[in-house]
Amino acid sequence: DMDAYTECVESDVNVARVDAGVNEATTLGFNGTPSFLFAGEAFTETFRLVGAYPIEAFREFIDAMLAGEAPPQEPAQPEAQLPPWASPEGLAENPDMPGYTMAGDQYKGDPDAPMTVIEFSDFQCPACATHNNEVQETLNEEFVETGKIFWVFKNRPLPMHRYAPVGAAAAECATDQGLFWEMHDAIFSGVETWAPSDAESWSVDDAEAGLITIAEEVGLEAEEFAACLNSREPLERVIYDLYDAEGVVSSTPSFIVLYGGQGTILNGSRPAEEFVTVLNSLLEEAQQPTE
């Protein structure tokens, strides 16, 4: 009955059911698909299988549980080759450039933390601004400042955002004066002053002027900052990040989470409470002893 079906779809009546399923999966620590949770009357615990496996893997799980035995451990996935900027060597502190990894990315937190989050972001992206302005402070307090998460930032200006590259360049220029994170936050919170959503005749020059004003408010030396912004160097850093993002992330914000020899990608902005739940679940998994 297409009339009834169309009415149901347009009413969003089942959105709450979908949201409930997503929340339950998050609570269980699932953040990718397909994921399977096995339970049986003979067991007080559950067993999980995450990923696409051949039928033989499912037969092993099911046959073992039907026989009252614990199923084999989750089959090991082929070891992926981490890109240089996400490898232990690339994520190491650069002794000659405080605040930078060896791959050239800004970071905050303890490099020896049990989990690393690599954020790809766009300074003109509304969802990225929402994340930074409404969620990131909670994550900093819960995880970064407590030594649980090592947080790394990479630029991913999207083609649809005309002024995002100059915003990214402005943040990179602030690193030269040791105020990257202060400028990073100010660019996001003041986006309407350098890339207003309702400006009809705005230009890149206007965006740069707005960013210079923000830089002065942050405490950057204006002439040095303006000279950097007008040079090629900061855009070269942004282009390197764009190359790194190729084939890995295509939307912003995106978060690559590395933990316990594993990795996953979280896409999009989400409420602070939900983000905290996901990261705590992954941290718990990362800190479980390996046999």
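Residues numbered from 1 in each chain as written. Predicted model: local features only at pLDDT ≥ 70, side-chain atom pairs only at ≥ 80, totals over all residues. Heavy atoms only, no water.

Visitor: Outline the pattern of salt bridges, listing residues and values.
Guide: Tallied over the entire structure, the rule returns nine salt bridges. Linking Lys 154 and Asp 105 is a salt bridge whose minimum nitrogen-to-oxygen distance equals 2.9 Å. Of this pair, Lys 154 sits in strand S5 (residues 149-155) while Asp 105 sits in the loop between helix H4 (88-91) and strand S3 (106-108), placing them 49 residues apart in sequence. Residue Lys 154 shares its accessibility class with Asp 105, and that shared class is buried. We note a salt bridge from Glu 233 to Arg 237, for which the minimum N-O separation is 3.0 Å. Of the two residues, Glu 233 and Arg 237 are both situated in helix H12 (residues 233-245); the distance of four residues between them amounts to about one turn of the helix. Residue classification places Glu 233 among the partly exposed residues on the basis of a relative accessible area of 44%. One salt-bridge network, held together by shared partners, links Asp 105, Lys 154, Asp 241 and Asp 244. (Salt bridge = Lys/Arg side-chain N within 4 Å of Asp/Glu carboxyl O. Helix = DSSP H or I, 4+ residues; strand = E, 2+ residues; numbered from the N terminus. Buried < 20%, exposed > 50% of the residue type's maximum accessible area, 1.4 Å probe, protein only.)

Visitor: So what's going on with helix H8 (residues 180-189)? Residues and values would help.
Guide: Burial of H8 is extensive: seven of the ten residues sit out of reach of the surface. Listed in full, the buried residues belonging to H8 are Phe 180, Trp 181, Met 183, His 184, Ala 186, Ile 187 and Phe 188.

Visitor: Describe helix H5 (residues 126-134), listing the residues and the values that go with them.
Guide: Taken together, the buried positions of H5 are Cys 128, Ala 129, His 131 and Asn 132. Taken end-on, H5 shows its buried residues confined to a sector of 160°, consistent with a single buried face. Facing away from the buried side of H5, by more than 90 degrees, are the exposed residues Pro 126 and Glu 134. Residues of H5 that are buried make contact with strand S4 (115-121), helix H6 (136-144), S5, H8, strand S6 (254-259) and helix H13 (272-286). (Arc of directions from axis to C-beta. Contact = heavy atoms within 4.5 Å.)

Visitor: Give me the lowdown on unusual backbone geometry, citing residues and values where you can.
Guide: The residue after Thr 252, namely Pro 253, is reached through a cis peptide bond having omega -10°. Inspection of the secondary structure assignment puts Pro 253 in the loop between H12 and S6.

Visitor: Could you give an account of the side chain of Asn 155, naming the residues involved and the relevant values?
Guide: Structurally, Asn 155 is set in strand S5. We classify Asn 155 as buried; its relative accessible area is 0%. Within the local environment of Asn 155, its side chain forms a polar contact with the side chain of Glu 172, the two groups lying 3.1 Å apart. Apart from the residues lying within four places of it in its own chain, the contact partners of Asn 155 are Phe 120, Ser 121, Phe 123, Ala 168, Glu 172, Val 238, Asp 241 and Leu 242. (Polar contact = N/O pair within 3.5 Å; in protein donor to acceptor, adjacent residues only side chain to side chain.)

Visitor: How would you explain the state of the cysteines if you had to name every residue and give the values?
Guide: Summed over the entire model, instances satisfying the criterion amount to one disulfide. Across the disulfide from Cys 173 sits Cys 228; the S-S distance is 2.2 Å. Here Cys 173 and Cys 228 share a disulfide; its torsion about the S-S bond, -90°, makes the bridge left-handed. Of this pair, Cys 173 sits in helix H7 (residues 164-175) while Cys 228 is found in helix H11 (residues 222-229), placing the two residues 55 residues apart along the sequence. Among the residues examined, Cys 228 registers a relative accessible area of 10% and is labelled buried. (Disulfide = S-S within 2.5 Å.)

Visitor: Describe the pairing of strand S2 (residues 47-50), and please don't skip the residues or the numbers.
Guide: Burial of the side chains of S2 is restricted to one face: Phe 47 and Leu 49 are buried, whereas none of Arg 48 and Val 50 on the reverse face is. Two strands pair when backbone bridges link them, and strand S1 (residues 35-38) and S2 are joined in this way by four bridges, in the antiparallel orientation. The residue bridging Phe 38 from the neighbouring strand is Phe 47, located in S2. (Pairing = 2+ DSSP bridges.)

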